[in-house]
Each structure stands twice: as structure tokens, then as C-alpha cells.
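Commentary on secondary and tertiary structure
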Amino acid sequence: MLVLVLDSSTPAVTAALAEVTDGVRLLASRCTVDARAHGELLSPQIVACLAEADVVPSDLAAVVAGLGPGPFTGLRVGLVTAASLAHALDVPAYGVNSLDGLGLAASGGTRPVLAATDARRREIYWAVYAADGSRVTEPAVATPAVVADALAGLGVTEAVGDGALRYADVLGVPVRPEPRYPDALRMAELAAARIRCGAPGEPLTPCYLRRPDAVAATARKPVLR
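Residues numbered from 1 in each chain as written. Predicted model: local features only at pLDDT ≥ 70, side-chain atom pairs only at ≥ 80, totals over all residues. Heavy atoms only, no water.

**A few points about the pattern of salt bridges**
Following the criterion strictly, the structure yields ten salt bridges and no others. Among the ionic pairs, R176 bridges to E158, the shortest N-O distance being 3.0 Å. Taken together, the residues R176 in the loop between α6 (168–171) and α7 (184–196) and E158 in strand β9 (residues 158–160) connect sequence positions 18 residues apart. Look at E158 and you get partly exposed, because its relative accessible area is 23%. R166 is the partner of D162 in a salt bridge, and the nearest nitrogen-oxygen pair spans 2.9 Å. Separated by four residues within a single helix, D162 and R166 lie in helix α5 (residues 162–166), roughly one turn from each other. Each member of the salt-bridge network shares a partner with another, and the members are D118, D162, R166 and R180. (Salt bridge = Lys/Arg side-chain N within 4 Å of Asp/Glu carboxyl O. Helix = DSSP H or I, 4+ residues; strand = E, 2+ residues; numbered from the N terminus. Buried < 20%, exposed > 50% of the residue type's maximum accessible area, 1.4 Å probe, protein only.)

Structure below.
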């Protein structure tokens, strides 16, 4: 089964085509780091992935989308695109936590690892993952100093992700240069069981963890003074 994987929860705009059988393998992928161009980059990357694998949209069996956590504007680009494609093609859409895609890509060691992405406002989105890639803590947003205090009691000895790299001096644990952003192959793996059994599609509910910066006005402004 051919599956389109999308993620726009970080500055890395990601599109990939995966094949899900007994295992999961990537057939094509595109990733461009640009926090200001999610809307401009994602659709051309989808087209490029399909063309590289000589696949047309009607060949797709499902769409997988990263649910975040991530900033409001960028994250909704991927989710709206994924939901629109799934609806137009009449295929199921499945959501996966984007931090899980990062944490699973960092698995394979012997100790828990911190996965962190940049949340702006001098904060990070973060969660801790066991050696097998399973999540130990719920995704959260906090300052690096608060996260550093939490790590001491979780046995974390290293970290991954763009957020960890930005605040390595505060977190106080070694930070691996890779993986830096959610991994498309791992995201497909996280949805593979649902894809194989033909599970119904799901609402792609974004994981924001905080309210957007833009809010509606609460009072009317006078027109005449």
C-alpha cells in the first residue's frame, strides 16, 4: 500500500511517499527547512515525490500527517493539506504525534532520550522516550531550564531535535546532531498497524499545547471621537 506522509510541525517542511507491506520503506522524500514557507513548499514537494516514484494520486491508499506539537500557522498547513487530499481521494487519513516521529528515530540506545523541537518564545516542545522508542512522558511545552530540571529524575543522558540543539547549554545533556526533525519513515511506521488493518480514517486534530498568538478583539473600537 502506498502512503503519503506529511509533516509541517517544525521549520522542516516534509513530504514523503512510503510503501507499507510487512515492513515500511520510503520510496521518495523531500525535506526543506524554511519556517516561513510551509504553504509554498509542501505542495511542490508532494508532486515531486509522486513523480520520482512514478505514482499518481489515485494510487495512494492513505495519508499520514504529523499532528504536532508545533506553531499554529505552520502546523495547520500540513494538516489541511492532508485532510483535503484524503477527502478528495476518498482514502483514510491517520495522525501521528510529530515528537513521536523524532523520538522513535532516536531509539536503539540503552537509556531514555529527550526529543525536543523549537516552540519559539524561548521554549521547547518536548517528551522523553524509552530505548525502544515508546513515549515515557506526555508532550509538553516549557522553557529549557524547566525541562532540564525534569530530566534529572527521568534518567535521560542525551537529547535530539532542533529544540535540544538550540538550548544544549541549558539542558545539560549531550545533544546528537541527528535526527533533528521528525522522521518521515518513522511516522509511517507509527501509522503502519492502522494502515494494514484498514482502520477508519481519523480527524486530524492538531496538538498545539498553547493558544495561537492571534486572538479576537474583545471590545469594539469607536469610529468617531
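**A closer look at the environment of E52**
Residue position: E52 is located in helix α1 (residues 38–52). With 54 residues separating them along the chain, E52 and A106 place their C-alpha atoms 27 Å apart. With sequence-adjacent residues up to four places away left out, E52 is seen in contact with L27, A28 and R30. (Contact = heavy atoms within 4.5 Å.)

**Thoughts on the packing of aromatic side chains**
Taken as a whole and judged by the stated rule, the model has one aromatic pair. The interplanar angle of 40 degrees and the centroid separation of 5.0 Å between the aromatic rings of F72 and Y208 together place this pair among those described as tilted. Taken together, the residues F72 in helix α2 (residues 72–89) and Y208 in the segment after α7 connect sequence positions 136 residues apart. Using a relative accessible area of 31% as the deciding quantity, one classes F72 as partly exposed. (Phe/Tyr/Trp six-rings, centres within 6.5 Å; stacked < 30°, edge-to-face > 60°.)

**Quick word on the sheet that holds strand β2 (residues 12–20)**
Here five strands make up an open sheet; going across it, the order is β3-β2-β1-β4-β5 and the pairing mixed. The open sheet terminates on both sides in strands that have one partner only, identified here as β3 (24–33) and β5 (93–96). In this sheet, adjacent strand axes meet at a mean angle of 20 degrees when their direction is disregarded. With five bridges connecting them, strand β1 (residues 2–7) and strand β4 (residues 60–66) associate as parallel partners. Of the residues in β4, the one forming a bridge with V3 is A62. (Pairing = 2+ DSSP bridges. Axes fitted to C-alpha atoms, helices over the stretch in contact; angles between N-to-C directions.)

**Here we look at the pairing of β2**
Counted residue by residue, β2 has eight buried out of nine residues, so it is predominantly covered. Taken together, the six bridges between β1 and β2 define a ladder with antiparallel strand orientation. By the bridge assignment for β2, L2 is matched with E19. Taking the residues between adjacent antiparallel strands as the criterion, β1 and β2 are bridged by four residues. As judged from the nine bridges shared by β2 and β3, these two strands associate in the antiparallel manner. Paired with E19 across the strands is R25, a residue of β3. Where β2 folds back on β3, the antiparallel hairpin that results is connected by three residues.

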